[in-house]
Each structure stands twice: as structure tokens, then as C-alpha cells.
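Next come the chains, spelled out residue by residue.
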Amino acid sequence: MKHFFLLAFTLAALALNAQDISDNALGLRLGDSDGFGAEISYQRALTDTNRLEVDLGWRSNSNVSGFKLTGLYQWVWHLDGNFNWYAGAGGGIGSFDIDVPGGNETDTFIFAAGDIGIEYNFDIPLILSLDFRPEIGFGNSNFNNNDLDFDIALGIRYQF
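Note that this is a predicted model, so its numbers are computed, not measured. (Residues numbered from 1 in each chain as written. Predicted model: local features only at pLDDT ≥ 70, side-chain atom pairs only at ≥ 80, totals over all residues. Heavy atoms only, no water.)

**Q** Break down the pairing of strand 2 (residues 39–45) for me, citing the residues and quoting the values.
**A** If a strand is regular, its side chains alternate between the two faces of the sheet. Burial along strand 2 is one-sided: the face carrying Glu39, Ser41, Gln43 and Ala45 is buried and the face carrying Ile40, Tyr42 and Arg44 is not. Where strand 1 (residues 24–31) and strand 2 come together, six bridges link them in antiparallel fashion. Paired with Ala25 across the two strands is Gln43, which belongs to strand 2. One ladder, built from seven bridges, connects strand 2 with strand 3 (residues 50–60); its direction is antiparallel. Bridge pairing in strand 3 links Gln43 to Glu53. Where strand 2 hands over to strand 3, the hairpin turn is made up of four residues, counted between the paired strands. (Buried < 20%, exposed > 50% of the residue type's maximum accessible area, 1.4 Å probe, protein only. Helix = DSSP H or I, 4+ residues; strand = E, 2+ residues; numbered from the N terminus. Pairing = 2+ DSSP bridges.)

Spelled out as C-alpha cells, the structure:
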């Protein structure tokens, strides 16, 4: 009988702590992104507390062109009011072409990434987030550096 009450209490506590996350969110993630600038960001809820985030960043100017595609699995926890915090892990692929003295340098690379952040869900279908994303890249060029990079970004997304 004690086990039954303990199980019922645990399930009730989890239900009270659950925070609904939107089924879909689409917007921008504005940060460094290792030189790729702003990213188009899409989030898809998988459960009440988990989601998938996919970000596409690209850059094209007179001496650099490239893209970076990131996928992250995230866990979301309710903080207080309309605030949530989240953490996740994933990775991605990217490619760039940069003009350097003596020619062009081109590389395709893969990377592993972590993610931790805080978000605010407005009463309108808007969500703002601030996150920190450490990434470690693996490629052949000196530009990519094959080292640890720290990306901090502001996310602005429409929820639907």
C-alpha cells in the first residue's frame, strides 16, 4: 500500500511540474554561430517535455560563403510563470568556401553540440530565448580550427 501512495504522489508531482511546450515554433536564432550569423530555427515538440530543434545558418558575402545545419534533442523544464529552461545535445554538418591569400579554402565539417538556455513564453504566440551552445568541430581546414567554440544567441520564434 505504501508503494501505491508513493507511485501516485510521484505521478502527481510530475504532472504538476509539466509545462506545455508548443507543438511548433519557427523563427530566428541570432548569435555568433561560429561566423555563420543568424540562423532560421524550427522547434518541434516530441512529448510534453522534449523537443527537436533544427537550425540552418548561412553566410554569403564577397569573401565567404557557407552553411551550417544543426540538430538538437532538448529537454524542457518549467521554472516559474512563463519561464522554462532547457538543455540538449546534438550535432550537425557545415561547409564553407573562403577567399584566402593565394586562393580559396573549402571545407566540409561535422560537429557535436550541447545546448542550455532559458526561454519566456508570452501570452501571445511568441517565445524569446537566450541560450549557450558549446560546439566542437571536426574538419580539415585551419579556418574551422577543429576546436571548441562557444556560441551565445537570442532566439525569437513564433509558436503554432
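**Q** How would you summarise the sheet that holds strand 2 if you had to cite specific residues and measurements?
**A** Ordered in space as 1-2-3-4-5-6-7-8, the eight strands form a closed barrel in which the pairing is antiparallel. When the angles between neighbouring strand axes are averaged without regard to direction, this sheet yields 25°. Relative to strand 5 (residues 83–100), strand 4 (residues 64–80) runs antiparallel, the two sharing 16 bridges. Counted as the bridge partner of Leu69 is Ile93 from strand 5. (Axes fitted to C-alpha atoms, helices over the stretch in contact; angles between N-to-C directions.)

**Q** Describe the nonpolar core, and please don't skip the residues or the numbers.
**A** Within soluble globular proteins, side chains that are nonpolar tend to cluster in buried spots. One finds Val64, Leu72, Phe96, Ile98, Phe109, Phe111 and Ala113 forming the largest nonpolar core, which totals seven residues. Counting only elements with at least two residues in this core, the list comes to strand 4, strand 5 and strand 6 (103–121). Tallying contributions element by element places strand 6 first for this core, with three residues. Ignoring anything within four residues of it in the chain, the contact list for Phe111 reads Lys68, Leu69, Thr70, Gly91, Gly92, Ile93, Glu135, Ile136, Gly137 and Phe138. (Core = buried A, V, L, I, M, F, W, Y, C linked by side-chain atoms within 4.5 Å. Contact = heavy atoms within 4.5 Å.)

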